[in-house]
Amino acid sequence: MRKLLFAVIASTFSFSAMAGGHADWFKEAGAPYKGTVLQGVAENTPPGQFAGEVLAKEFEELTGIKVQLENTSWDQMYDKAIKDMEANSGIYDFVYIEQDIVYDYLNRDFLVNITEGLANNPDLQAPGVSLDDFTTFIDYFKDGSGDVFGVPMEAFIKVYLYRKDLFERADAKAAFRAQYGYGLSPATSFDQYRDNAEFFTGFCAEQGMECWGTTVQGHTGHPASTYEFLESIAPSFGLYNWGVNMDSYQSCVENGGQLNGGRAKAALNFWTQLLPFAPPEALQSTWSEVGSSFAAGRAAQGWVYGENAAWIATDAERSAVVGNVGVMLPPTAPGVMTQAASGNGYIGYYDGGAYGIPHSSKNKEATMLWLQFVALNEHQADWAIAGGRITHKGTYSDPKVIAVDEQADGYFTLMRDTGFLYAGAPPFPFHGAGRGAIDPFIYSALAGEMTPEEALDGACAALDQVMADLGYQN
Amino acid sequence: MLSKNKTGWLLLSPTIIILVLVGLVPFFYVLYVGFFKWNPLAVDPSMQFEGFGFNYRRLIFDQVFLESIWRSIKFAFVTLFFELTLGFLLALSLLSSFPLKSFFRGVHTLPLVIAPIVVGSIFKLFTVQGLGPLPHILKDYFGYTLNYGLNADQAFWMIVIMDIWHWTPFVTLTLLAGLSALPQDPYESAKIDGANNFQIFFYITIPMMIPVLIVVIFIRLMDSLKIVDEIWMLTGGGPGYATRFTGIHIWKEVFEKRFYGLGSAMSILYLYITIVICWILYSVMASRGKDED
């Protein structure tokens with residue numbers, strides 16, 4: 001279906017339409033690089049597929065520059081990109097930079113300064129491309145002086161999805177009120193979330209339905225579970241920046257951190273206690289499986305990445321719950337929303353990524369053309385529909401996006417209006433090393449081998465050790 | 001003579017150059033890096049020499065690393081035992097004729113041609129909770145809950161079963177080749193002397209098969225000790241540390257956490273342990289072979 005959708009989009013819009021009124025400029029600017037093959041590597045997400053299957057073809061037709069985009073798994077993408085940049089081998093002309101890894105890449109000087117590159121090559125500056133058109137998400141890909149090192153190609157928030165059809169059932173409402181003494185509704189508090197999860201697990205079983213009360217992105221051998229905890233559950237309990245004291249780079253309470261503090265322990269207890277109400281595949285689920293489980297109708301509610309929210313709500317070929325998806329902000333602990341609104345906290349993860357050019361690229365000029373092509377306003381609405389992502393301010397008001405927004409219960413509107421409550425990952429250059437230290441403890445807590453308290457005590461000690469080893473603690 | 005030698009060295013030189021480039025140079029580089037404190041994510045990303053024993057001293061007290069070695073050794077010997085036993089039985093059965101023997105041999109060999117990462121995927125699809133058929137069958141017909149995302153023992157044994165499924169055909173085929181090549185005279189003499197099948201197997205077949213067994217054991221032992229792909233796909237090393245074998249542990253330290261110096265030291269230490277294990281095993285088996293002679 002996705003391929004069909006992409007094919008339809010590709011055939012519906014000729015390249016001149018796709019490139020707006022700038023087709024001639026791209027033709028001319030691309031002429032010196034005709035025949036060049038640009039290699040890219042990115043995570044295999046719906047927006048990445050659109051770039052590879054639609055935009056790359058349009059770009060090649062216009063310029064004669066071929067774009068070979070290797071959309072692969074998250075782990076493989078990092079493995080390939082980082083090895084290439086470390087070895088300076090120049091295999092890839094552009095790489096996907098996830099928001100959380102950008103500090104690592106900038107710290108290691110992997111990336112070309114795009115602002116500087118375009119300023120030094122005025123002939124390569126495409127008309128119709130303005131950095132001012134982007135949402136504030138582009139700020140994550142700027143250095144201290146405001147220069148851009150990555151062109152955002154996807155951005156979304158992690159939202160609370162729920163099954164409207166289940167929540168609106170009269171028999172479910174009556175049974176819930178009888179059991180809990182208050183009305184059934186999508187969760188706005190953690191107690192309510194837990195009650196909903198418990199209730200629907202029992203209700204579905206009674207009705208003979210293959211569904212459970214909640215999703216849990218709880219893979220016990222994949223970082224996805226650590227991410228769900230650190231970037232969604234913990235912030236909604238008021239634990240920010242992984243509980244790391246940003247001045248001293250300590251995470252244990254006894255050293256001034258928060259990772260094994262009360263909020264963190266409450267968050268991990270809440271999350272692990274949801275497991276009995278999650279589909280059996282929860283402990284082997286990453287973000288992809290959570291999206292698939294929800295789309296298959298196997299969960300009544302859950303934290304789901306926005307990149308999946310749009311297709312779950314609208315693509316009947318892939319989703320069994322089209323027309324029945326509700327979208328809301330996730331529940332938060334008292335005070336968290338106020339902190340987020342004032343910029344002193346956040347309620348979850350503003351996720352996404354950009355395409356950047358490694359210093360090792362052998363085709364930097366041609367790649368700059370490609371990145372500007374990707375950034376054209378004309379592509380953004382179709383890309384948003386195909387991938388549930390929005391990187392340009394103007395995309396929200398596009399009629400096509402508004403139509404999909406209605407089908408998706410206002411997901412795009414929610415993202416526009418409440419995106420400021422979310423935040424990207426903390427600016428840790430040691431992101432991967434730090435997360436890798438925490439992973440086994442989260443896995444053990446999910447598997448029941450450790451209590452949440454033991455796990456967080458161990459996790460903060462391991463994280464502190466890594467930060468000490470790397471020289472961040474004075 | 002000298003000219004003959006020159007020609008020989010000339011012909012061998014491409015092989016020698018390739019071996020040096022892809023074998024010795026990386027090995028000595030890893031050995032060299034293992035003496036440094038080096039992580040490009042650090043405040044000081046340069047290589048810092050802190051004494052030859054810096055990383056190795058740390059590893060001696062690294063509980064997670066030591067446990068991963070113990071786990072890997074346990075895995076290697078458990079799988080070796082089952083693969084050898086099953087492989088020998090299958091090889092013996094394939095010596096005799098039975099209906100559909102060729103078909104069975106073909107099907108039995110299929111796992112060998114599948115890439116390890118694909119084997120991991122197959123097992124994942126087959127066994128994943130909620131979606132794979134095996135947990136359903138075990139639950140519905142035997143009341144047994146299979147959830148290796150939760151249960152550490154199940155995760156370990158699932159990987160053992162996967163490895164047995166993947167590699168027993170290799171053992172079977174190699175032993176079958178060895179069995180087929182055994183001389184028949186000792187068997188005929190033994191039968192004339194009144195030996196039973198049990199005695200023939202333990203006193204004639206096994207001793208004569210020792211050279212083949214040594215080869216099989218070495219190959220399988222070394223392969224098992226460096227297993228990564230299948231585990232990566234099936235459990236990712238979890239739950240917790242349950243299936244974090246040394247190969248996975250080194251990968252995570254080097255490529256996730258970027259501890260290049262420490263990871264290199266781990267690799268060298270693990271190589272040393274592997275060589276020691278193989279050497280001990282070889283000594284035992286070789287002396288056993290001599291005794292039998």
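Along each chain, numbering runs from 1 in the same order as the chain's sequence is written. Chains and ligands are labelled by the order in which they are written, letters from A for the one and numbers from 1 for the other. Given that this is a predicted model, residues contribute local features only at a pLDDT of at least 70 and side-chain atom pairs are listed and counted only at 80 or more, while totals for whole chains, interfaces and linings are drawn from all residues. Water and hydrogen atoms play no part in the side-chain values, which are based on all heavy atoms of the structure.

### Observations regarding the packing of aromatic side chains
Now for step 1: Centres within 6.5 Å make a pair out of two Phe, Tyr or Trp rings, where for Trp the six-membered ring is used; the pair is then stacked when the planes are under 30 degrees apart, edge-to-face when over 60, and tilted otherwise. Tallied over the entire structure, the rule returns 65 aromatic pairs over all chains.
Now for step 2: Seen from their ring centres, B:W38 and B:Y260 are 5.1 Å apart, and the 75° between their planes marks the pair as edge-to-face. Placement of B:W38 in the loop between β1 (36-37) and β2 (48-49) and of B:Y260 in helix α12 (residues 260-292) is noted, with a sequence separation of 222 residues between them.
Now for step 3: The buried label applies to any residue whose accessible area, calculated with a 1.4 Å probe on protein chains only, is under 20% of its type's maximum; exposed applies above 50%, and partly exposed to all values in between. Judged by its relative accessible area of 10%, B:Y260 falls in the buried class.
Now for step 4: Charge-over-ring contacts are defined here by two conditions on Lys NZ or Arg CZ: a distance within 6 Å of the ring centre and an angle within 35 degrees of the ring normal. We note A:K83 situated over the ring of B:F255; from NZ or CZ to the ring centre the distance is 4.2 Å.
Now for step 5: One Lys or Arg, A:R389, reaches over the ring of A:W383 and ends 4.1 Å from the middle of that ring. Note on conventions: DSSP H or I runs of at least 4 residues are helices, E runs of at least 2 residues are strands, and numbering of each starts at the N terminus.

### A look at the layout of surface pockets
Now for step 1: Roughly 1200 Å³ of volume is contained in the largest pocket.
Now for step 2: Elements supplying a minimum of two residues to the lining of the largest pocket: α4 (46-63), α5 (74-87), α13 (287-295) and α14 (306-314) of chain A together with α5 (116-127), α10 (229-234) and α11 (246-256) of chain B.
Now for step 3: Tallied by class, the residues present in the lining of the largest pocket amount to 14 nonpolar, 19 polar and 14 charged.
Now for step 4: Domain assignment of the residues forming the lining of the largest pocket places at least three in each of domain 1 (2-155 + 352-415) and domain 2 (157-341) of chain A.
Now for step 5: Think of a 1 Å grid over the protein atoms and nothing else: a 1.4 Å probe that fits but is trapped marks a cavity, an open set flanked by protein within 12 Å on at least five of seven lines marks a pocket, and residues with an atom within 4 Å of a point count as lining. Grid points are joined across faces, edges and corners, and a volume is the space filled by probe spheres set on the points. Taken as a whole, the second largest pocket holds about 710 Å³ of empty space.
Now for step 6: Lining of the second largest pocket is provided by 25 residues; of these, B:V30, B:I250, B:G263, B:S264 and B:S267 occupy positions nearest its centre.
Now for step 7: For the lining of the second largest pocket, the secondary-structure elements that each account for two or more residues are α5 of chain A together with α1 (2-33), α9 (197-225), α11 and α12 of chain B.
Now for step 8: If you tally residues by element for the lining of the second largest pocket, the top one is α12(B), at ten residues.
Now for step 9: Throughout, the ten residues Ala, Val, Leu, Ile, Met, Phe, Trp, Tyr, Cys and Pro are labelled nonpolar, Asp, Glu, Lys and Arg are labelled charged, and all others, Gly among them, are labelled polar. Residues of the lining of the second largest pocket, tallied by class, amount to 16 nonpolar, six polar and three charged. An automatic or database domain assignment supplies the start and end points of every domain.

### Things to note about the interface of chain B and chain A
Now for step 1: Between chain B and chain A, the residue contacts involve 33 residues of the former and 38 residues of the latter.
Now for step 2: By buried area we mean the combined loss of accessible area, with a 1.4 Å probe, across both parts when two parts are placed together. Taken together, both faces of the contact between chain B and chain A bury some 2800 Å²; the carbon and sulfur share is 53%.
Now for step 3: Within this document, salt bridges are pairs made up of a side-chain nitrogen of Lys or Arg and a carboxyl oxygen of Asp or Glu, the two lying within 4 Å of each other. The interface formed by chain B and chain A holds three salt bridges in total.
Now for step 4: Ionic pairing is found between B:R258 and A:E86, a salt bridge with its closest N-O pair at 3.2 Å.
Now for step 5: What qualifies as a polar contact is a pair of N or O atoms within 3.5 Å, subject to a donor-acceptor requirement within protein and to the restriction that residues adjacent in sequence count only when both atoms come from side chains. Here chain B is connected to chain A by eleven residue pairs in polar contact (both at pLDDT 80 or more). Between two residues, a contact is recorded if the distance between any of their heavy atoms is within 4.5 Å.

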